[in-house]
Every structure is written in C-alpha cells, then in structure tokens.
Amino acid sequence: MKTHQLFIDGAYVDARSGRMFDKVSPSTGEKIATVHEALAEDVDLAVNAAANALKGEWGKMPKAVRCDLLMELANAIAARTPDFIEAEVADTGHTRHFAEKVEIPRGAANFRIFAEMLKHTGGEFYQMDTPDGTGAANLELHRPKGVIGVISPWNAPFLLMTWKVGPALACGNTVVVKPSEESPATATLLGEVMNSVGIPKGVYNVIHGFGPGSAGELLTQHPKVNGITFTGETRTGEAIMKQAAVGLRDVSFELGGKNPAIIFADADMDKAIEVTMRSVFANTGQVCLGTERIYVERPVFDEYVSRLKAGAEALKQGGPETPGATIGPLISDEHRQKVLSYYAKARELGATVITGGGVPDFDDARQGGFFVEPTIWTGLPEDSAIVKEEIFGPCCHVTPFDTEEEVIAMANDTTYGLSATILTENLSRAHRVGGQIEAGLIWVNSWFLRDLRTSFGGSKSSGIGREGGVHSLEFYTERSNLCIKL
Ligand SMILES: NC(=O)c1ccc[n+]([C@@H]2O[C@H](COP(=O)([O-])OP(=O)(O)OC[C@H]3O[C@@H](n4cnc5c(N)ncnc54)[C@H](O)[C@@H]3O)[C@@H](O)[C@H]2O)c1
Ligand SMILES: O=C/C=C/C=C(\O)C(=O)O
C-alpha cells in the first residue's frame, strides 16, 4: 500500500497533524494509497520554505542557469516516464495510452517551453523626449511575483499542475502545490525528480489535502503567498477568489466549460466523427475543453447521429488493467453520482437517449470501478440543464440547426467561454463563424491541437487571465519601469 507524504523544503515529511486520507482506484474501487493531509502547521512550513528559497540560491541564480536547470528537469521527467505513467494511471484510471501519449510528455514540455522562452524574452525599452531636450530612457525590469500557490484538479493531474509550475519556476518564483485529493501521486513523485537535477530545496513544495477547511483553503489565505493559480470548477474559483481577497492575492483561473461543436453539412464526415469522438469521449469526458453540445446542420443530422452512436458503442470500457481499453472510469464514485444525476435528469426531461444513459455491468474487478455508459442525447430544448450545465462525463447532446446565425447564437448562449470546434471544408466560413464564437480556444477541423506558445484560457465563467507562451509571464512576473534621465 502506497503512502503519499508531503514534500517540503526538499524532503518527504509526514503531516504534523497526523491526519491521513484514503485514495481508491477509479477502475476497481479498491484502496491503493493513504495520503498525509496538510493542515495549518504544514502549510506554514511549506510556504516559509518557498519564501526562504527566494532569498537563497534560487533567488540569486542567473536566469540562463535557471532555465538550463529546468531543461534538465524536463529531460529527467522524460527519463522517468514509466514511473509517472504508473503513478498517473493508478490515481486516475486513465488508459496507459492517454498517460503515455498526452499527459506525461506534456509534463516535460511544460517546463521546456517556458525555459526556452525565458531565455529569449526581453522587456520594453522606450527612449523619450524631455522638456530640457536631454531625453530619458525607460527600461522594463522583471522580477518574480514570489511564492505561488498552485491548486490543480484531478482530470489531467500532471499536465495541469506542470502547466503552472513550469512558467512559475521559469520566471524565478517558488511554488507550493496542492494537487487534487483524488490525484496525489505524480506531484509527489516530481519532488524527488526536482532533487535529482539539483533544483534547490524549498523551490518546489507539495501539500496534500482538500479544499474548504483543509490545505487548499489554508494555502489561498496564507499571508506569504503572493499569487494563486487555480484550475478547477467555476464555483471553486469563486470560493478561492473570496478566500484570496484578504491580502489582495492575485489570481489566475482556468475553470469550467460547456463547449460546442458545430458541424456544417459540407464537413468531411469521417473527420467530424474522428474529431468529436475524441472531444466527447477522451478521458471519459473529463476534459475542460471537451464537447458536451453538438450542433449539426440539418441535412447531415441523421447520418452524424447514427455514426456517433456506432462510435460510442464500439468503445471498450476498462482501466489500465484492461488490455485494449479505450475509455476509462470516472475519477470517483462522487463524480459518477453527479454524472448519473444528469443521466436521470435527461430521462426526466424527455430526452431521446440515442445510446447509453446508465451504468455498465461487468463480471470482473471493473464492477467496483466508477464506470458509466458513453451517452448521446437528442431532443431537449436549449434551455435545459443538460445543454446548459457542465456535466464533465462521457456524454453529449446533439441538436440540428439550419443557418449560421442560428447556430452561432446557440453556441454563444452559455455562461461559459472556454473552447469550441468547427467542422467545415469551407475555410472562409470557418474564419467567419470562428471569429464570432465567444471562446478562448476555437479549433477548425481538429480538437486539442496545442501549440504551447498560444494563449490558453476562457472568458465569462471559464476563467480569469490567460496561460501559455508569453501570456503566462504576465501572471508570474512583477514588472517595474525604470526611467533614467539622460
Ligand atoms: N479551464 C481549464 O483549463 C480546466 C482544466 C481542467 C479542469 N477544469 C475544470 O476542473 C473541474 C474538475 O476538476 P476538479 O473536480 O478537481 O475541480 P475542483 O474545483 O473540485 O477542485 C480543484 C482543486 O481545487 C481544490 N479546492 C476545492 N475547493 C477549494 C477551496 N475552497 N479552496 C482551495 N482549494 C480548493 C481541490 O482540492 C482541487 O485540488 C471541471 O469543472 C473542469 O472543467 C478546467
Ligand atoms: O481538462 C482540461 C485540459 C486542459 C489542457 C491544458 O491546460 C493544456 O493543454 O495546456
């Protein structure tokens, strides 16, 4: 049985509180680990370790040396891919394919991209006229924001945590990471990899626990934390914003979504099915960028629904233990109950259940896992909860449309604004429609293609700020303008 300790000041330590909590496998329901829960004393130790590291070797390290060290860290992560895969799939029930092809490589890439970028990123310089004619020079100076609280979710634990820690460290900050209580393993493992490449102690710290009344809330309120970067549910973001307000802690939020896919009649239907099979069912629908609303131009509606049904019914359910599994379990029984409550609501509202809507029956260890049937609905009105609320499971609602104006209005009729995908072979239409979709990321004839230099994030209930490329630097850097009279 694994035990996940805290990682503070370069060492694995027990929680002073002595409190522990269990971690169970999403694919079998069996207990697989116990986890130390950090409370006030532990959080204080971690934040002070991070604050002290800023004043020590790390704070004095030249930027080029820091960036080279982060490149070494990326290589060390890559070298330990098998260990990170096993840790990730045990926590999440993901198929090894998803961890091997997406999550762990992105963990290394999330350090590489920012180490490379920081080496070549400068600042503003403006020479100005002055009344006496001698002029003045304006130099933009950068320094780290300080100690960053990183609060990350369970749906892509290593990818999403390193997507924040990468730029934070590249900009010279130190971090205290509070991973989700559902996925402690990879953040904990990263501690020893940090030590192995010589990242100074105190730069990277990991505290485990929950949100309210536990490590998460305590971290957001600690006076020595200079900023909070959070990825998770919108309502959690609202709670964190209130918690971080005392002390005016800066926040960067990547939150929920209710993302549309728009399929025009001229779309390549094979492409439309391939793209939306991934955007709906990848990671068992537990992807913030995933599709939960699909709008199909009426002439191809029946063909599309029929082919998506066939695709959904061909998925093989199982966790990392199941050979050939192509869709895993949900992360927890609690989350499964949330998804099943929407399955029930759809039936109550009179949806047409094209496929799924229930819980699969297994005669093996998967019976104890948190599996649900991949599900497709049609026939509900746009104002129904199924079409409006984030479900975060392997399900979608499909609606026909007749005109561009109509579908753009429906796509934008949401409190979210995270992502969208458009399928059409008419690229001027793609540009015209894409330019009117109120979302942070819009894919055309693709989904989840990620250039890490581009801005990433959502508007409205989907987030505050942007991550990615130079956009990440905005949050992790304090800027000064030094004006020198010539
Ligand atoms: N926009 C994005 O990039 C993005 C990416 C992934 C997931 N998400 C969203 O995350 C959600 C799923 O992840 P989740 O269930 O882990 O989210 P969640 O909001 O339940 O928890 C996220 C993290 O916040 C912590 N937390 C919860 N309440 C807190 C509080 N009051 N103070 C401090 N910390 C607190 C949790 O312990 C966890 O570590 C979905 O809504 C999904 O859309 C968004
Ligand atoms: O579930 C959400 C996935 C988020 C993905 C990223 O943050 C990324 O690709 O950088």
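Residues numbered from 1 in each chain as written. Chains lettered and ligands numbered in written order. Predicted model: local features only at pLDDT ≥ 70, side-chain atom pairs only at ≥ 80, totals over all residues. Heavy atoms only, no water.

### Some details on the environment of Ala 90
By the element assignment, Ala 90 lies in helix α4 (residues 81-92). Ala 90 sits in the partly exposed class, given a relative accessible area of 32%. Placed 40 residues apart in sequence, Ala 90 and Thr 130 show a C-alpha to C-alpha distance of 64 Å. Residues within four places of Ala 90 in sequence aside, it is in contact with Ser 25, Pro 26 and Ile 32. (Helix = DSSP H or I, 4+ residues; strand = E, 2+ residues; numbered from the N terminus. Buried < 20%, exposed > 50% of the residue type's maximum accessible area, 1.4 Å probe, protein only. Contact = heavy atoms within 4.5 Å.)

### Brief notes about the confidence of the model for the protein
In this model, the protein carries a mean pLDDT of 97, and residues with pLDDT of at least 70 account for 100%. For this predicted complex, the interface score ipTM comes out at 0.94, while the overall pTM is 0.97. (pLDDT = per-residue confidence, 0-100.)

### Observations regarding the site of ligand 1
Lys 178, Glu 181, Thr 236, Leu 255 and Glu 390 are the nearest of the 30 residues found near ligand 1. Within the backbone of Gly 232, an N or O atom sits 3.5 Å from an oxygen atom of ligand 1. In the model, an oxygen atom of ligand 1 is placed 2.9 Å from a nitrogen or oxygen of the Glu 233 main chain. Coverage of ligand 1 by the protein amounts to 93% of the 850 Å² it exposes when considered alone. For the shell around ligand 1, the secondary-structure elements that each account for two or more residues are α8 (215-220), β11 (227-231) and α9 (234-245). Broken down by element, the residue count for the shell around ligand 1 peaks at 3 residues, all from α9. Residues of the shell around ligand 1, tallied by class, amount to 14 nonpolar, 10 polar and 6 charged. (Near = heavy atom within 4 Å. Polar contact = N/O pair within 3.5 Å; in protein donor to acceptor, adjacent residues only side chain to side chain. Areas by Shrake-Rupley, 256 points an atom, 1.4 Å probe, with all protein chains shown as cover. Nonpolar A, V, L, I, M, F, W, Y, C, P; charged D, E, K, R; others polar.)

### Re the UniProt feature "domain: Aldehyde dehydrogenase" (unreviewed entry) in the protein
Under the local residue numbering, the UniProt record ascribes the feature "domain: Aldehyde dehydrogenase" (unreviewed entry) to residues 12-479. In residues 12-479, helix accounts for 40% and strand for 19%; the two terminal C-alpha atoms are 34 Å from one another. (UniProt positions renumbered as here; feature names shortened; annotations may be inferred.)

### Focus on the pairing of strand β14 (residues 291-297)
Along β14, 7 of the 7 residues are buried, which leaves the element largely enclosed by surrounding structure. As a crossover connection, the stretch from strand β13 (residues 259-263) through helix α10 (residues 269-281) into β14 is right-handed. Bridging between β14 and strand β17 (residues 395-401) involves 5 bridges; their strand directions are parallel. Looking at β17, one finds that Tyr 295 is bridged to Thr 399. (Right-handed = clockwise from strand over helix to strand, strands pointing away. Pairing = 2+ DSSP bridges.)

### What about the packing of α4 against helix α5 (residues 96-119)?
At a closest axis distance of 9 Å, the pairing of α4 and α5 adopts a crossing angle of 120°. Judged by the angle between their axes, α4 and α5 are oblique. For α4 against α5, the interelement crossing comes out right-handed. Between α4, through Thr 81, Phe 84, Ile 85, Glu 86, Glu 88 and Val 89, and α5, the contact on the second element is made entirely by Arg 96, Ala 99, Glu 100, Glu 103 and Ile 104. (Axes fitted to C-alpha atoms, helices over the stretch in contact; angles between N-to-C directions. Parallel < 35°, antiparallel > 145°, perpendicular 65-115°, else oblique. Left-handed = near helix turned anticlockwise from the far one by under 90°.)

### Quick word on the packing of aromatic side chains
Throughout the structure, instances matching the rule amount to 14 aromatic pairs. The side chain of Arg 106 reaches across the aromatic face of Trp 163, ending 5.0 Å from its centre. (Phe/Tyr/Trp six-rings, centres within 6.5 Å; stacked < 30°, edge-to-face > 60°. Lys NZ or Arg CZ within 6 Å of the ring centre and 35° of its normal.)

### As for the UniProt feature "active site" (unreviewed entry) in the protein
Those residues carrying the UniProt feature "active site" (unreviewed entry) are Glu 254 in this numbering. Discounting residues that sit within four places of it in the chain, Glu 254 has contacts with Lys 164, Phe 230, Thr 231, Gly 232, Phe 456, Gly 457, Gly 458, Ser 462, Gly 465, Arg 466 and Glu 467.

### As for the sheet that holds strand β15 (residues 352-355)
Taken together, 7 strands build an open sheet; the order of strands is β15-β16-β17-β14-β13-β18-β19 and the sheet is mixed. Of all strands in the sheet, those bounded by a partner on one side alone are β15 and β19 (441-444). Taken pair by pair, the neighbouring strands of this sheet meet at an average axis angle of 25°, ignoring direction. Looking at chain direction, β13 and strand β18 (residues 419-423) are connected through 3 bridges and run parallel.

### Some remarks on the pattern of salt bridges
Here the structure, examined in full by the defined rule, presents 32 salt bridges. Ionic pairing is found between Arg 16 and Glu 41, a salt bridge with its closest N-O pair at 3.0 Å. With Arg 16 in the loop between β3 (11-13) and β4 (20-24) and Glu 41 in helix α1 (residues 40-55), the pair connects residues that are 25 residues apart, well separated along the chain. Across the pair Asp 250 and Lys 145 runs a salt bridge whose closest N-O atoms are separated by 2.7 Å. One end of the pair, Asp 250, is in strand β12 (residues 250-254); the other, Lys 145, is in the loop between β7 (136-144) and β8 (147-151), with 105 residues separating them in the sequence. Looking at Asp 250, the relative accessible area reads 33%, which means it is partly exposed. When its relative accessible area of 10% is taken as the criterion, Lys 145 is described as buried. (Salt bridge = Lys/Arg side-chain N within 4 Å of Asp/Glu carboxyl O.)

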